[in-house]
Each structure stands twice: as C-alpha cells, then as structure tokens.
Amino acid sequence: MKEYIRFFIWMIVGLTIFQVLFSTFEDGWMEIAGTAVAATFSKWAIDNFMKSRKKTSENH
C-alpha cells in the first residue's frame, strides 16, 4: 500500500511540474488529481493481474 501512496504523490508532483514547464498544459488541480488516481488504480490493477498470473503459472 505504501508503494501506491508514494506512486500517487509522485504522479501529482510530476504532473504539477509538467504544468509549470509547459504553459499550454492548463489542467486544473482536479484534473491532475483525477489523472493521478486513474494512473495509481491502473498500476494497482496491473500489479494484481501479474501477481495472480504468476501464482497460477506456479500451480501448473
């Protein structure tokens, strides 16, 4: 869980820096937070899928 919280925070930091560097990227804080939540959820889903896939391959 700690890994996903750290990932979420770094997503927000990275997207904020990207917004500062590229002024044409004018998303608000809600869009940045939404993108970070979606990316964190996707990372969690992919990690869980890979764990379950590895577990089933070990059983065969």
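Residues numbered from 1 in each chain as written. Predicted model: local features only at pLDDT ≥ 70, side-chain atom pairs only at ≥ 80, totals over all residues. Heavy atoms only, no water.

Enquirer: Got a minute to help me understand the pattern of salt bridges in this structure?
Expert: One pass over the full model with this rule turns up two salt bridges. Between Lys 43 and Asp 47 there is a salt bridge, and its shortest N-O distance comes to 3.3 Å. Placement of both Lys 43 and Asp 47 in helix 2 (residues 29-59) is noted, with a separation of four residues, approximately one turn of the helix. Sharing partners across several salt bridges, the network here consists of Glu 3, Lys 43 and Asp 47. (Salt bridge = Lys/Arg side-chain N within 4 Å of Asp/Glu carboxyl O. Helix = DSSP H or I, 4+ residues; strand = E, 2+ residues; numbered from the N terminus.)

Enquirer: Could you clarify how one ought to interpret the packing of aromatic side chains in this entry?
Expert: The geometry of an aromatic ring pair is captured by two quantities: the separation of the ring centres and the angle between the planes. Summed over the entire model, instances satisfying the criterion amount to one aromatic pair. For the pair Phe 41 and Trp 44, a centre-to-centre distance of 5.6 Å together with 35° between the ring planes defines the contact as tilted. Placement of the pair is Phe 41 and Trp 44 together in helix 2, with a separation of three residues, close to one helical turn. The partly exposed category is assigned to Trp 44, whose relative accessible area is 40%. One cation-aromatic arrangement involves Lys 43 over Phe 7; the distance from NZ or CZ to the ring centre is 5.5 Å. (Phe/Tyr/Trp six-rings, centres within 6.5 Å; stacked < 30°, edge-to-face > 60°. Buried < 20%, exposed > 50% of the residue type's maximum accessible area, 1.4 Å probe, protein only. Lys NZ or Arg CZ within 6 Å of the ring centre and 35° of its normal.)

Enquirer: Sorry, what's going on with the environment of Ala 36 here?
Expert: Among the structural elements, Ala 36 can be located in helix 2. Judged by its relative accessible area of 0%, Ala 36 falls in the buried class. Between the C-alpha atoms of Ala 36 and Ile 9, which are 27 residues apart in sequence, the distance is 8.0 Å.

Enquirer: Sorry if this is basic, but what is going on with the environment of Lys 43 here?
Expert: The class for Lys 43 is partly exposed, based on a relative accessible area of 23%. A sequence separation of 39 residues divides Lys 43 from Tyr 4, and the C-alpha atoms of the two residues are 8.0 Å apart. The residues contacting Lys 43, other than those within four sequence positions of it, are Glu 3, Tyr 4 and Phe 7. (Contact = heavy atoms within 4.5 Å.)

Enquirer: I'm lost on the side chain of Thr 40 in this one. Help?
Expert: Here Thr 40 lies in helix 2. Under the relative-accessibility criterion, Thr 40 is labelled buried at 13%. A polar side-chain atom of Thr 40 sits 2.7 Å from the main-chain carbonyl oxygen of Ala 36. Sequence-distant contacts of Thr 40, that is, excluding residues within four places in its chain, are made with Tyr 4, Phe 7 and Phe 8. (Polar contact = N/O pair within 3.5 Å; in protein donor to acceptor, adjacent residues only side chain to side chain.)

Shape is all these values report; function is a separate question.
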